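Listed below, chain by chain, are the residues.
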Amino acid sequence: MDTRIPVKSWNGVIKGWIIEKPNGDKVITDFSGAIKGRYWASDDTTRDFGGRIVYRGDMLTSMLNN
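A few points on the structure. (Residues numbered from 1 in each chain as written. Predicted model: local features only at pLDDT ≥ 70, side-chain atom pairs only at ≥ 80, totals over all residues. Heavy atoms only, no water.)

Topic: the sheet that holds strand β3 (residues 26-30)
Turning to step 1, where the next piece is worked out: Read across the sheet, six strands follow the order β1-β2-β3-β4-β5-β6 without closing on themselves; strand pairing throughout is antiparallel. Edge positions in the open sheet fall to β1 (3-8) and β6 (53-56), since each of these has one partner strand only. Neighbouring strand axes in the sheet, compared pairwise and without regard to direction, differ in orientation by 20 degrees on average.
Turning to step 2, where the next piece is worked out: Here strand β5 (residues 45-48) runs beside β6; their pairing, made up of three bridges, is antiparallel. Note that in β6 the partner of Thr 45 across the bridge is Arg 56. (Pairing = 2+ DSSP bridges. Helix = DSSP H or I, 4+ residues; strand = E, 2+ residues; numbered from the N terminus. Axes fitted to C-alpha atoms, helices over the stretch in contact; angles between N-to-C directions.)

Some details on the side chain of Thr 29
Turning to step 1, where the next piece is worked out: The topology assignment puts Thr 29 in strand β3.
Turning to step 2, where the next piece is worked out: Among residues more than four places away in sequence, those in contact with Thr 29 are Gly 16, Trp 17, Ile 19, Ala 34, Ile 35, Lys 36 and Leu 64. (Contact = heavy atoms within 4.5 Å.)

As for the pairing of strand β4 (residues 35-40)
Turning to step 1, where the next piece is worked out: Bridge analysis of β3 against β4 gives four bridges, and the strand direction is antiparallel. Residue Lys 26 lies in a different strand from β4, and its bridge partner there is Tyr 39.
Turning to step 2, where the next piece is worked out: Between β3 and β4, which pair antiparallel one after the other, the connecting turn spans four residues, and Gly 33 there sits at a positive phi close to 105 degrees.
Turning to step 3, where the next piece is worked out: Examined bridge by bridge, β4 and β5 share four bridges and lie antiparallel to one another. Pairing of Arg 38 across the sheet is with Arg 47, part of β5.
Turning to step 4, where the next piece is worked out: Between the antiparallel neighbours β4 and β5 lie four residues, among them Asp 44 with a positive phi of about 55 degrees.

Geometric values such as these leave the question of function open.
Encoded structure:
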């Protein structure tokens, strides 16, 4: 079962969601549901919407500001 975690700004407004898969993969969406990026646990990379590697490791929250 997927876990949905809200991402909030400093004043408590929900900016988006991180959806965690059972295998460790994660997807980040903005408030409207548009996918901003993905974290693939199998190769430990964060990728943008186009599938390009932007970081080694989990940096999904930085994708929400783009």
